[in-house]
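Here is what each chain is made of, one letter per residue.
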Amino acid sequence: MSMQKWLYLWLLGVGGGHVVLGVALALGAQASLLAPYFDHLLSQFGLHAAGAETRLLAQTLIQLFGPTVASWGLLFCCLIYLYRRRGEPLIKLSLLAALLLWLPLDCLISASHGLYWHLYLNLAAGLLIALPLALLKPQQAR
């Protein structure tokens, strides 16, 4: 398999993974499987002994975030497909600009609240998206 095909499939997988993760958050934020995550999240905001109402609010906010993540993944896949097929430079520039808008702000917010899991995840995700995207070329030059 060529490197370009691998990059293309990788980026589609990233988008597809966001769709799956977003739907899982939307449908499963109340699941006990995520309890350690919510314990950590609430403790970072000084809510170690948060009551059921506070915990439910946090779970609901994450649940509401799920469809945003899923829809971002779907749009990302569509744009990767269009860039690969048509080679329109604005598509790639828009995706890179979106990454540059998301990554520093999300990392800054995560770090300022001591959410280092998010910070490290964001940095890894940013690299695993930005590098393949920067190297991806269209199938046909414009």
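With that out of the way, let us pick up the packing of aromatic side chains. In total, this model carries three aromatic pairs according to the counting rule given. Aromatic pair Trp6 and Trp10: ring centres 5.7 Å apart, planes at 10 degrees, arrangement stacked. Of this pair, Trp6 and Trp10 both sit in helix H1 (residues 3-28), four residues apart, roughly one helical turn. When the centroid spacing of 4.9 Å and the interplanar angle of 20 degrees are considered together, the rings of Trp72 and Phe76 count as stacked. In this pair, Trp72 and Phe76 are both assigned in helix H3 (residues 52-86), four residues apart and thus about one turn of the helix distant. Positioned over the ring face of Tyr8 is Arg84, at 5.4 Å from the centre of the ring.

Now for a nonpolar patch on the surface. A surface patch of nonpolar side chains, about 680 Å² in accessible area, is lined by Met1, Met3, Trp6, Leu9, Trp10 and Leu128. Per-element tally for the nonpolar patch: the top contributor is H1, with four residues.

On to the packing of H1 against H3. Where H1 meets H3, the axes come as close as 6 Å, and the angle between the chain directions of the two elements is 160 degrees. With respect to each other, H1 and H3 are oriented roughly antiparallel. Crossing hand, H1 versus H3: left-handed.

Definitions and limits used
- Along every chain, residues carry numbers that run from 1 in the direction the sequence is written.
- Where local features are concerned, this predicted model is filtered to residues with pLDDT of at least 70; where side-chain atom pairs are given and counted, the filter is 80 or more; whole-chain, interface and lining totals use all residues.
- Each side-chain value is worked out from all heavy atoms of the structure, with water and hydrogens disregarded.
- Ring geometry is summarised as follows: Phe, Tyr and Trp rings, the Trp one being its six-membered ring, pair when their centres sit within 6.5 Å, and such pairs are stacked at plane angles under 30 degrees, edge-to-face over 60 and tilted between the two.
- Where helices and strands are cited, they refer to DSSP runs of H or I of at least four residues and of E of at least two residues respectively, numbered from the N terminus.
- To sit over a ring, a charge needs its Lys NZ or Arg CZ within 6 Å of the ring centre and within 35 degrees of the ring normal.
- Note that patches include only residues with greater than 30% relative accessible area and no salt bridge, and the join distances are 9 Å for like charges and 5 Å for nonpolar side chains (Val, Leu, Ile, Met, Phe, Trp, Tyr).
- Per-residue and other accessible areas follow the Shrake-Rupley method at a 1.4 Å probe size, with only the shown protein chains counted as cover for residues.
- We define a salt bridge as a side-chain nitrogen of Lys or Arg found within 4 Å of a carboxyl oxygen belonging to Asp or Glu.
- Convention adopted: a line fitted to C-alpha atoms gives each axis, helices being fitted over their contacting stretch, and angles between N-to-C directions are expressed from 0 to 180 degrees.
- Angle categories: roughly parallel below 35 degrees, roughly antiparallel above 145, roughly perpendicular from 65 to 115, and oblique for all the rest.
- The sense of a crossing depends on the near helix, which, turned anticlockwise from the far helix by less than a right angle, makes the crossing left-handed and, turned clockwise, makes it right-handed.

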